[in-house]
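What the coordinates show
Take a look at the letters that make up each chain.
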Amino acid sequence: MSETRAAPPRAAVLTVSTLAMGLGAAPMPIVGYLGAAMRADLGLTGAQLGLVVGVFYGATGVTSLLGSRVVDRLGARWWVAGDQALTAAGLAAVAAVGSLTALLVSSVVTGCGYAFVNAGTSVAVTTVSRPDQAATAVAVKTAGIPALLTVVALAGPPAAEAVGWRGVVLVMAGLAAVNAVLALLCIPSRRPTPGPTGDRGSALPRGFVWVVLAATCFVVGTNPLSAFLVVSLVDGGISPVTAGLVSAAGTGTGTVAMVLVAHRSERRGPRTRAGTAALVCLVGLCGTLLLWAGTHLGLAAVAVGAVAGLLCAMVGAGFAHAVTVDRAPHAVGRATAVMSCGYYLGALVSPLAFGALADLTGGYDLPWAVTAGAMALSVTAYAVVQRRVPPAVAVRPPAVEPAGARPTQR
């Protein structure tokens, strides 16, 4: 007689994957919302704050191609759990040491791990979802990033005043450690089934470079909204709590909108998804321009521009992953990693350049102009994807035995 361990519930996989995406990207909210406190405590410059975020994403980009190979071959469970363990250790070290060196080392280590959790969670949530649920599942797990941004934006500044920024970082380390255990229990480890064309099923489509370019320009244009909005507002004389509320309004609405828009887009099918992504980026461009102008017009214009820009940044992040899955449904891990290679290398350049330009010019006009230009390029690239790189047809693979299933003879 034999028994088989039941497959993990889809809701549990989505929950753990969502937490993993948010906590795995911890350097971004730490710098974005605790940056003012860290700068005062450690004497950091804007360029150094940008470097902390930049090296995280740079390490992710460099590691992404390797991540795609091992995740596709070995399955997602251990890579997601391992990333969360690395994140917990890195954040605990930052809280204990509290120096720029510790921040940079932690960013490199957690950035390498994030390459695996990004591909691993995409494989995990698509494994437990039907083809018509894939885009929404990817959007839900990606929503973990703005969800954590919103929580830290609201609670981070007052908590840092009460217990110090190190205490906030230590709490995040504890959450990551708990989620590492949950990942071991919930994430499926089965390997994806090859596409119907055999080995060629893992090949990326011609023109996929436009998907990578669109995602890269998108993150170059939107990353400063998360990494530097609060710092720039504080430099403009706004209190950290008020600046955090402005940012939280954008990330909070963006978290909900990311899932709702992805679900609506999924009902319409993948055929128009890249075109919708171009429209999202266009609205984000308008928000960035209004934010830029608002730095000279007043807080009301800044708030409207910031909310619009951040909302579209959150929604667009989900579309970057969904458009990728649309174009290569039989090589989700590899396609996600190739896209992420450009995406996260762009995220390496963006915050460092933004902070350095702000330091060099003594203001934020030129940095915001550069981010607006990048958003315009992203709009163009997504329009090309819509016209020239059609989505692939997803074929439901045959059922396979769930992860961890082991026949036990009795």
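In case you missed it, the structure is sitting above this.
Scope of this entry: the structure provided in the associated data block. (Residues numbered from 1 in each chain as written. Predicted model: local features only at pLDDT ≥ 70, side-chain atom pairs only at ≥ 80, totals over all residues. Heavy atoms only, no water.)

Thoughts on the layout of surface pockets
Empty space within the second largest pocket amounts to approximately 310 Å³. What lines the second largest pocket is a set of 18 residues, among which Leu23, Leu148, Val151, Met172 and Leu175 lie closest to the centre. For the lining of the second largest pocket, the secondary structure elements donating two or more residues are α1 (10-24) and α7 (144-186). Top element by residues in the lining of the second largest pocket is α7. It accounts for 14 residues. Grouping the constituent residues of the lining of the second largest pocket by class yields 13 nonpolar, 5 polar and no charged. (1 Å grid on protein atoms, 1.4 Å probe; cavity = no way out; pocket = protein on both sides within 12 Å on 5 of 7 lines; lining within 4 Å. Points joined across faces, edges and corners; volume = space filled by probe spheres on them. Helix = DSSP H or I, 4+ residues; strand = E, 2+ residues; numbered from the N terminus. Nonpolar A, V, L, I, M, F, W, Y, C, P; charged D, E, K, R; others polar.)

Details of the environment of alanine 183
Among the secondary structure elements, alanine 183 is positioned in helix α7. The class of alanine 183 is buried, set by a relative accessible area of 0%. As a C-alpha pair, alanine 183 and arginine 77 span 106 residues in sequence and 6.5 Å in three-dimensional space. Sequence-distant contacts of alanine 183, defined by excluding residues within four places in its chain, comprise Val16, Arg77, Val80 and Ala81. (Buried < 20%, exposed > 50% of the residue type's maximum accessible area, 1.4 Å probe, protein only. Contact = heavy atoms within 4.5 Å.)

Some words on the nonpolar core
Core analysis: the largest hydrophobic core is formed by 110 residues, its most contacted members being Ile30, Leu34, Tyr114, Val169, Ile187, Tyr343 and Tyr382. Dropping the residues within four chain positions of it, tyrosine 114 is found in contact with Ala20, Met21, Gly24, Ala25, Phe56, Thr60, Asp83, Ile145 and Tyr344. (Core = buried A, V, L, I, M, F, W, Y, C linked by side-chain atoms within 4.5 Å.)

Observations concerning helix α5 (residues 100-127)
Taking 1.5 Å per residue, 28 residues should reach 40 Å; α5 reaches 39 Å between its end C-alpha atoms and fits that length. Across the 28 residues that make up α5, a large majority, 21, are buried. (Expected span 1.5 Å × (residues − 1).)

Things to note about the pattern of salt bridges
Under the counting rule described, the total for this entry stands at 3 salt bridges. Put simply, arginine 166 and aspartate 41 hold a salt bridge, and the shortest N to O gap is 3.9 Å. Of this pair, arginine 166 sits in helix α7 while aspartate 41 sits in helix α2 (residues 27-42), and the two are 125 residues apart along the sequence. Since its relative accessible area comes to 42%, aspartate 41 is described here as partly exposed. Between arginine 327 and aspartate 326 there is a salt bridge whose closest N-O contact spans 3.8 Å. Residue arginine 327 is classed as buried on the basis of its relative accessible area of 2%. A cluster of three or more residues bridged by salt bridges with shared partners is formed by Arg273, Asp326 and Arg327. (Salt bridge = Lys/Arg side-chain N within 4 Å of Asp/Glu carboxyl O.)

Considerations on the side chain of threonine 18
For threonine 18, the location among the structural elements is in helix α1. One polar contact links the side chain of threonine 18 to the main-chain carbonyl oxygen of valine 140, over a distance of 3.3 Å. Setting aside residues no more than four positions away along its own chain, threonine 18 makes contact with Val140, Lys141, Ala143 and Gly144. (Polar contact = N/O pair within 3.5 Å; in protein donor to acceptor, adjacent residues only side chain to side chain.)

Remarks on the state of the cysteines
In the structure shown here, the tally under the stated rule is 0 disulfides. Cysteine 312 takes part in no disulfide bond, and the closest cysteine sulfur to it belongs to cysteine 281, at a distance of 8.2 Å. (Disulfide = S-S within 2.5 Å.)

Here's the deal with the environment of serine 226
Position of serine 226 relative to the elements: it lies in helix α8 (residues 208-227). The exposure class of serine 226 is buried, given its relative accessible area of 4%. Linking serine 226 and threonine 251, residues 25 residues apart in sequence, is a C-alpha distance of 8.7 Å. Sequence-distant contacts of serine 226, that is, excluding residues within four places in its chain, are made with Met28, Gly32, Tyr33, Leu149, Leu310 and Met314.

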